Amino acid sequence: QNMLEELLIHKPDDPIQYMINHLKQNNDDAPRICVLGPPASGKTTVAMWLCKHFDAIRISQETLLFKEILALTKEAKAYKERKQKIPNALWANLIQERLSNVDCIKQGWILEGFPENQEQAWMLQSSGIIPRHVVVLYAPDTVLIERNSGKRLDPFTEEVYHTTFNWPSDLLVQQRLVEPEDLSEQEISKKLLEYHRNFPGVFQIYQKVLKSINADQPSVDVLAQVLTYVQTRHRSAAPFTPRILFCGPPGSGKSLQAALIAQKYGVVNICCGQLLKEAVADKTKLGELVKPYIDSGYPVPDNLVMKILAERLNALDCVTNGWVLYGFPRDIEQGEQLQKSHIIPN
């Protein structure tokens, strides 16, 4: 699915070679995560922790402007020095340039605080930057304003600490902590207002891959919830034909569950015992062979059951709509026969 997305976005002149290169990179499991949220919600802490956990590359406004030497860094810094807003297109181009580096392709990336608005999100999408997971941290504005006043930065490691909630035990670290520049309550209120105005547009674009997490709880809990979410795999949009197998002891409700599932999802409901009876009633060749066993109450040999079952499961309605089967296999040998006949439940 990832390769198909890339093909559609980049439209290479030589698609075959492009696919070969894509498979050689073998980076489909590399994280592609956006960490969003209002100021002081803990984005940096979460992003840094995820980077350590996944050995991925963290990208934020600070890293793009002060850590990287990219073609557009100078231009972006000039805006910053003039205290002007950096245009969305410039941010999008900076991010695209950084993410096309080998380390981001191989190790994956954590984008912190981007995209800030809908226009940036569209620009990133159109250049093929599509996150797999978007984490949005939230907390009441009053909590964020209070948190912001205690925020301290370590200029060496860029880690964020707090005078109340997260004070470092190391004396050396304590001594070198500095207050961030934009600490005034007025400044943060202005930023919060802008965030609340822009966020609905971003939410609209990423809602299928987005998870909101309450940041007003112990950081251990926030990180645990973030990790649980970013390790999930999203359901593929590719066509899917269910092949469902119900097992369980007599009276456990297999036939009822199978009937309900067949009804809800429009799949073919198959009961192995019923299938054998139908074959006998229809007087098919296999039915004639099965009849003496059913009449005398003996179990029907596995090879006969398997033939009848394979014929039914390979019929057009089962192949197109999928199926739900119960009553077979009842033991390991039957299970192995099912596998050998390439009838594999998914």
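Residues numbered from 1 in each chain as written. Predicted model: local features only at pLDDT ≥ 70, side-chain atom pairs only at ≥ 80, totals over all residues. Heavy atoms only, no water.

Where an unreviewed UniProt entry is consulted, the protein chain appears under the name KAD8 kinase, with the organism given as Glareola pratincola.

Each helix and strand in the protein chain was counted, giving 18 helices and 10 strands. In terms of principal-axis extent, the alpha carbons of the protein chain reach across some 90 × 50 × 35 Å. Evaluated residue by residue, the protein chain yields a buried proportion of 39% over its 346 residues. Taking all contacts inside the protein chain whose residues are at least 6 apart in sequence as the whole, residues at least 24 apart take part in 68%. As presented, the protein chain carries roughly 20600 Å² of accessible surface, and 55% of it is formed by carbon and sulfur atoms. Taking the average location of the 38 positive side-chain charges in the protein chain and that of its 40 negative ones, the two points are 3 Å from each other. (Helix = DSSP H or I, 4+ residues; strand = E, 2+ residues; numbered from the N terminus. Buried < 20%, exposed > 50% of the residue type's maximum accessible area, 1.4 Å probe, protein only. Contact = heavy atoms within 4.5 Å. Areas by Shrake-Rupley, 256 points an atom, 1.4 Å probe, with all protein chains shown as cover. Lys, Arg positive; Asp, Glu negative; His and termini not counted. Charge placed at Lys NZ, Arg CZ, Asp CG, Glu CD.)

Looking now at the pairing of strand E10 (residues 323-326). Look at any regular strand and the pattern is simple: side chains alternate between the two faces of the sheet. Because side chains alternate across E10, one face comprises the buried residues Trp 323 and Leu 325, and the other comprises Val 324 and Tyr 326, equally buried. Inspection of the sheet shows strand E9 (residues 268-271) paired to E10 by 4 bridges, in the parallel sense. Opposite Asn 269, over in E10, you have Val 324 as the bridge partner. (Pairing = 2+ DSSP bridges.)

Mapped onto the secondary structure, Glu 75 falls in helix H5 (residues 73-81). On the basis of relative accessible area, Glu 75 is assigned to the partly exposed category, the value being 41%. Glu 75 sits 10 residues away from Leu 65 along the chain, and the two C-alpha atoms are 9.7 Å apart.

Once that is clear, we can look at the packing of helix H15 (residues 285-296) against helix H16 (residues 302-313). Between H15 and H16, the shortest axis-to-axis distance is 10 Å and the interhelical angle comes to 140 degrees. Compared by their axis directions, H15 and H16 come out oblique. Where H15 crosses over H16, the two elements pack in a sense that is left-handed. Where H15 approaches H16, its residues Leu 286, Leu 289, Val 290 and Tyr 293 are matched on the opposing element by Leu 304, Lys 307, Ile 308 and Glu 311. (Axes fitted to C-alpha atoms, helices over the stretch in contact; angles between N-to-C directions. Parallel < 35°, antiparallel > 145°, perpendicular 65-115°, else oblique. Left-handed = near helix turned anticlockwise from the far one by under 90°.)

Turning to the pairing of strand E4 (residues 133-138), a few remarks are in order. Counting buried positions over the 6 residues of E4 gives 5, a clear majority of the element. With 5 bridges joining them, E4 and strand E7 (residues 210-214) adopt parallel strand pairing. Pairing of Leu 137 across the sheet is with Ile 213, part of E7.

One can find His 133 in strand E4. Overall, the relative accessible area of 6% leaves His 133 in the buried class. Among residues more than four places away in sequence, those in contact with His 133 are Arg 32, Ile 33, Cys 34, Val 209, Tyr 229, Val 230, Thr 232 and His 234.

Evaluation of the coordinates by the stated rule reveals 3 aromatic pairs. The interplanar angle of 20 degrees and the centroid separation of 5.5 Å between the aromatic rings of Tyr 195 and Phe 199 together place this pair among those described as stacked. You can see Tyr 195 and its partner Phe 199 sitting in helix H11 (residues 185-206), 4 residues apart, about one turn around the helix. Following the ring pairs from residue to residue traces out a cluster consisting of Tyr 195, Phe 199 and Phe 203. One Lys or Arg, Arg 82, reaches over the ring of Tyr 79 and ends 5.0 Å from the middle of that ring. (Phe/Tyr/Trp six-rings, centres within 6.5 Å; stacked < 30°, edge-to-face > 60°. Lys NZ or Arg CZ within 6 Å of the ring centre and 35° of its normal.)

Another point: the packing of H16 against helix H18 (residues 332-340). Packing of H16 against H18 brings their axes to within 11 Å, and their N-to-C directions diverge by 40 degrees. By the angle class used here, H16 and H18 are oblique. The handedness of the crossing between H16 and H18 is right-handed. For the pair formed by H16 and H18, the contact residues are Asp 302, Asn 303, Met 306 and Leu 309 on the first element and Gln 334, Gln 337 and Leu 338 on the second. For the contact of H16 with H18, the residue count by class is 3 nonpolar, 3 polar and 1 charged. (Nonpolar A, V, L, I, M, F, W, Y, C, P; charged D, E, K, R; others polar.)

Mapped onto the secondary structure, Glu 333 falls in helix H18. With 31 residues separating them along the chain, Glu 333 and Asp 302 place their C-alpha atoms 8.8 Å apart.

Before going further, it helps to spend a moment on the sheet that holds E10. Overall, parallel pairing links the 3 strands, which are arranged E8-E10-E9 in an open sheet. Both outer strands of the open sheet, strand E8 (243-246) and E9, are each paired with one neighbouring strand and no more. Across the sheet, the mean angle from the axis of one strand to that of its neighbour is 15 degrees, orientation sign disregarded. Together, E9 and E10 form the strand contacts of H16, whose direction differs from that of E9 by roughly 175 degrees.

Turning our attention to the sheet that holds strand E2 (residues 57-59). Read across the open sheet, the 5 strands follow the order E2-E3-E1-E4-E7; overall the sheet is parallel. Sheet topology places E2 and E7 at the edges, where each strand pairs with a single neighbour. Each strand axis lies, on average, 20 degrees off the axis of its neighbour in the sheet, ignoring direction.

For an α-helix the count is 3.6 residues per turn, leaving residues at separations of three or four pointing the same way. Look at helix H13 (residues 254-265): 16 Å from first C-alpha to last across 12 residues, which is about the 16 Å you get at 1.5 Å a residue. Among the residues of H13, those classed as buried are Lys 254, Ala 258 and Ala 262. Along the long axis of H13, the arc covered by the buried residues comes to 60 degrees, so they all point the same way. Exposed residues lying more than 90 degrees from the buried face of H13 are Leu 256, Gln 263 and Lys 264. (Expected span 1.5 Å × (residues − 1). Arc of directions from axis to C-beta.)

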